[in-house]
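Chain by chain, the residues run as shown.
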Amino acid sequence: MLKLLRPLQQRGQRWMNQRHPAVSGTLQLRQNRIYVLPSGFGLAYAATCVLVLIGAINYQLSLAYLFAFLMLGLGHSGLIQAFRNLLGLTLNAQPAPAVFAGDMAHFPVRLGDARKFGRRNLQLRAVGGVPQQVINIAASTDIMVWLAVPAVQRGWLPLPRITIETRFPTGWCRAWSHASLKANCLVYPRPENNPPPWPDASGNEYAGRRQRTGDDDFAGLRQYQPGDAMRQVAWKQSARLDWLAVRLHDTPRSSMQHLRWDDAAGLNVEARLSRLTAWVLKADAAGLPYTLMLPDQVIATAAGASQREQCLHALALFGLAQSQGSP
């Protein structure tokens, strides 16, 4: 049964992509993008209206006519209000912060009002994502919401098609629209749990602790800067100077770590990337300078947040086609 429905789903997906192509920047909902249908409660309400009208015609009761047309008018008013609640709404998506595979990516989407009246009881969800809580927008304002989407595999994760709907004010009608916004999230490989220590340059396993520098590594003094650790302050020298001095040390060459692709031999590609990701995080947490050596590129020795981001970026896009390697 699912095999029979799959072609229909694919055709429906292609029609939807043509009807709502991906948009960069801000998208404003216009009347030709909004759909309205009665809800289950609305269908029951419409059936009730018809029964009352039939009764009025059958028995020629003026009060029943009045009551039937009043119910029909209220139903029509609810439909118009639901449509109006979406008309003129603006959406703008931004790139999501990078996450690891298996986590949830959170895309920031800004909702605004281009018609200067408030919006109530809106609900957003991305295809395959977690539905948002009910949202209200005051007139002439905008708000930021975060759409949660599961990051299943590494690489660039595009923001899936968004559905925004409302049943305001009566719940008799469901008005909705779709929006395809261009935004991406970089998904890093999932780090391996309890990875083994990485081999050092001589082939021995590194214990994961930074080697202690001795007096021979002392390279001089410099003035204290905000963010320097207090244990680096040279208190004796500072007492003789008129400024707060911080000790400088040369990093021993033996403390530079080489995280090599070949050191994870015997594993498949994804398992190797997971292990290297875990080693990168471990080296970064220890404050060590390290080099990442992949088959197609080598990232020079460095330390800090920028080095970590550069290495994780390379691991996330390793081996992907050019079309998948760029947002």
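Residues numbered from 1 in each chain as written. Predicted model: local features only at pLDDT ≥ 70, side-chain atom pairs only at ≥ 80, totals over all residues. Heavy atoms only, no water.

**Q** Would you mind going over the overall build of the protein with me for this structure?
**A** Assigned secondary structure in the protein consists of six helices and 17 strands. Residue burial in the protein is summarised as follows: out of 327 residues, 37% are buried. Put simply, of all contacts in the protein between residues at least 6 apart along the chain, 65% involve residues at least 24 apart. Here the protein has roughly 19100 Å² of accessible surface; of this, 55% comes from carbon and sulfur atoms. (Helix = DSSP H or I, 4+ residues; strand = E, 2+ residues; numbered from the N terminus. Buried < 20%, exposed > 50% of the residue type's maximum accessible area, 1.4 Å probe, protein only. Contact = heavy atoms within 4.5 Å. Areas by Shrake-Rupley, 256 points an atom, 1.4 Å probe, with all protein chains shown as cover.)

**Q** For this particular structure, what's the right way to read the pairing of strand β6 (residues 119–126)?
**A** The side chains of a regular strand alternate, residue by residue, between the two faces of the sheet. Where β6 meets strand β7 (residues 135–137), two bridges bridge the pair, whose relative direction is antiparallel. Its bridge partner being in β7, leucine 122 is matched across the sheet by isoleucine 135. Note that β6 and strand β10 (residues 162–166) share five bridges and pair antiparallel. Residue pairing for β10: leucine 122 is matched across the bridge by threonine 166. (Pairing = 2+ DSSP bridges.)

**Q** Whenever I open this one, the pattern of salt bridges confuses me. Can you help?
**A** Note on pairing: side chains with opposite charge can pair once their charged atoms come close. With the rule as written, the count across this model stands at 11 salt bridges. Here arginine 119 ties to aspartate 113 by a salt bridge, and the two come within 2.8 Å at their closest N and O atoms. Accessibility classification places arginine 119 together with aspartate 113 in one group, the buried group. Two residues, glutamate 165 and arginine 174, come together in a salt bridge whose shortest N-O distance is 3.3 Å. Overall, arginine 174 belongs to the partly exposed group, its relative accessible area being 21%. The network of salt bridges with common partners includes Arg125, Glu165, Arg167 and Arg174. (Salt bridge = Lys/Arg side-chain N within 4 Å of Asp/Glu carboxyl O.)

**Q** Would you mind showing me how to read the environment of asparagine 85 here?
**A** With respect to the helices and strands, the residue asparagine 85 is situated in helix α3 (residues 62–86). By relative accessible area, which is 4% here, asparagine 85 ends up buried. In this structure the C-alpha to C-alpha distance between asparagine 85 and tryptophan 176, which are 91 residues apart in sequence, comes to 9.8 Å. Within polar-contact distance, the side chain of asparagine 85 engages the side chain of threonine 166 at 3.0 Å. (Polar contact = N/O pair within 3.5 Å; in protein donor to acceptor, adjacent residues only side chain to side chain.)

**Q** Before we go on, may I ask you to explain the sheet that holds strand β16 (residues 290–294) in this structure?
**A** One open sheet holds the three strands; their spatial order is β15-β16-β17, and the pairing between them is mixed. A strand with exactly one partner marks an edge of an open sheet, and here the two such strands are β15 (257–260) and β17 (297–302). The average undirected angle you get between the axes of adjacent strands in this sheet is 10 degrees. (Axes fitted to C-alpha atoms, helices over the stretch in contact; angles between N-to-C directions.)

**Q** When you look at the sheet that holds β10 in this model, what are you seeing that I'm missing?
**A** The strands making up a sheet are joined through hydrogen bonds of the backbone, oriented either antiparallel or parallel. The five strands are arranged β2-β11-β10-β6-β7 in an open sheet whose pairing can be described as antiparallel. With one partner strand each, in any of the chains shown, β2 (35–38) and β7 form the two edges of the open sheet. Geometrically, the sheet is characterised by an average inter-axis angle of 30 degrees between neighbouring strands, direction not taken into account. Pairing geometry for β2 and strand β11 (residues 173–179), over four bridges, is antiparallel. Across the sheet, residue tyrosine 35 finds its bridge partner in β11, namely tryptophan 176.

**Q** Can you walk me through the packing of aromatic side chains in this structure?
**A** Aromatic rings in a pair are described by how distant their centres are and how their planes are angled relative to each other. For the coordinates displayed, the defined rule picks out five aromatic pairs. Summarising the aromatic geometry, the rings of tyrosine 45 and tryptophan 172 are spaced 3.9 Å apart at their centres and angled 20 degrees between planes, so their arrangement reads as stacked. Residue tyrosine 45 is found in helix α2 (residues 40–59), and its partner tryptophan 172 is found in the loop between β10 and β11; the two are separated by 127 residues along the sequence. When the ring centre of phenylalanine 117 is taken as origin, the NZ or CZ atom of arginine 84, which lies over that ring, is 4.0 Å away. Between arginine 174 and the ring centre of tryptophan 176, over which it is positioned, the NZ or CZ distance is 4.3 Å. (Phe/Tyr/Trp six-rings, centres within 6.5 Å; stacked < 30°, edge-to-face > 60°. Lys NZ or Arg CZ within 6 Å of the ring centre and 35° of its normal.)

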